[in-house]
Amino acid sequence: MTTAETAPPPPMRLRELVFGAACAAAVRAAARLGVADALGDDPKPVEDLAASVKTEPKPLRRLLRALSCYGVFAERPDGTFAHTDMSRLLREDDPNSLRAIALWCTEPWTWDAWPRLDEAVRTGENVVESLYGKDFFTYLNEDAPESADVFNQAMTRSSEQSAREVAALLDLSGASSVADLGGGQGHVVACLLDKYPTMRGSLLDLPRVVENALPRLRTGDLADRAEIVPGDVRASVPVKADVYVIKNILEWDDESTARLLGNVTAAGGPGTRVIVIENLVDDTPSMRFSTAMDLLLLLNVGGAKHTTESMVGRLTSAGLVVDDIRPVNPYLHAFECHVAG
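Scope of this entry: the structure provided in the associated data block. Numbering of residues starts from 1 in every chain and runs along the sequence as written. The model is predicted, so local features are restricted to residues of pLDDT at least 70 and side-chain atom pairs to those at 80 or more, both for listing and for counting; the totals for chains, interfaces and linings are taken over all residues. To get the side-chain values, all heavy atoms of the structure are used, and hydrogens and water are removed first.

Here's the deal with the overall build of the protein
Part 1 of the argument: When you go through the protein residue by residue, the secondary structure sums to 18 helices and 9 strands.
Part 2 of the argument: Note on method: radius of gyration uses C-alpha positions; expected globular size equals 2.2 Å times residues raised to 0.38. In summary, the protein has a C-alpha radius of gyration of 22 Å against a globular reference of 20 Å for 341 residues, a match within 12%.
Part 3 of the argument: Each of the three principal axes of the protein carries a C-alpha extent, and together these read 65 × 50 × 40 Å.
Part 4 of the argument: Exposure is judged per residue with a 1.4 Å probe applied to protein chains only, and the accessible area is read against the type maximum: over 50% gives exposed, under 20% gives buried, and values in between give partly exposed. Residue burial in the protein is summarised as follows: out of 341 residues, 46% are buried.
Part 5 of the argument: Every residue pair with non-hydrogen atoms within 4.5 Å of one another is taken to be in contact. When contacts within the protein are restricted to residue pairs at least 6 apart in sequence, those whose partners lie at least 24 apart make up 64%.
Part 6 of the argument: Surface summary for the protein: the accessible area is close to 16700 Å², and the carbon and sulfur share equals 54%. Helix numbering and strand numbering both begin at the N terminus, where a helix is a DSSP run of H or I of at least 4 residues and a strand a DSSP run of E of at least 2. Only the protein chains shown count as covering a residue, and every accessible area follows the Shrake-Rupley method with a 1.4 Å probe.

The following block contains the structure:
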């Protein structure tokens, strides 16, 4: 029986780290094969699982044995395999599913980019443009549509999960309108409109993004209080609101971040509330995840996750006063601000 181990000696730990790609590849393989979906509440023999996911039993056992070392699935004394809290997160039907995120973080382009991290560290520039001859999102949409679909699925699922926590945290009881900038399909603004039945909300994002805004915002029960605005927040913010929410989009280069924040302060005017929600690479229990995402941003778009200090610096330079900093969950922090008078 294989079990997850803890605190190996340094030489073994370093060996494990340099084989980290094997662990990531194993998670990706299990997600693509649908192993977690095929495994129910009761343990299953590997032969039954193999029949369900159309693989050979022996290599599937090897895959599951490797994952069990990390606590993803559990191998029982009788040789059957069972779910763990982590493996359930690879199921499509789990309300907290991370299957799309697991696939996104291991897409084919990542295997091209990671070996060139030293180049990105030396130059401070992304490596995707030199790899593919175009910027990252152009590459995704033109040359890797399957990866683009995975990205959209991952962002949608992540937004669904965090939007409820953001809405629960924020007290907007004194506001009559809120604008979600770069808000994707509008999960945050929808949750806020649910929480405040008299509030009006705006969703601003790129045209191709808001075309797929939540049906509730377009034609459903929230449509009479929702405005969908196609546009690029880095170019302008053509929306007036009492409160602006900016979630997980201040990760681009410094120039784009400064332009976005300048557009927000100009649109809102003195005293307007601005709430910025971001992952941090300090003061967070998710350091390993956040710092890994920070390096991935360096590779693909030349962006960066922020420390508390760097985020406060960006916000104050843009004319915002930071009133409070609070955790939303183990991964996100909210910076409550207002535009200086």
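Things to note about the pairing of strand β8 (residues 320-327)
Part 1 of the argument: For two strands to pair, DSSP has to find at least two bridges joining them. Examined bridge by bridge, β8 and strand β9 (residues 333-339) share 7 bridges and lie antiparallel to one another. Within β9, the residue paired with Asp324 across the bridge is Glu336.
Part 2 of the argument: Linkage of β8 to β9, two consecutive antiparallel strands, is achieved through a turn of 5 residues.

Focus: the environment of Ser52
Part 1 of the argument: As for its placement among the helices and strands, Ser52 is situated in helix α4 (residues 46-53).
Part 2 of the argument: Look at Ser52 and you get partly exposed, because its relative accessible area is 40%.
Part 3 of the argument: Between the C-alpha atom of Ser52 and that of Glu211, which follows or precedes it by 159 residues, the distance is 37 Å.
Part 4 of the argument: Those residues within four positions of Ser52 in sequence are excluded, and the remaining contacts are Ala38 and Lys44.

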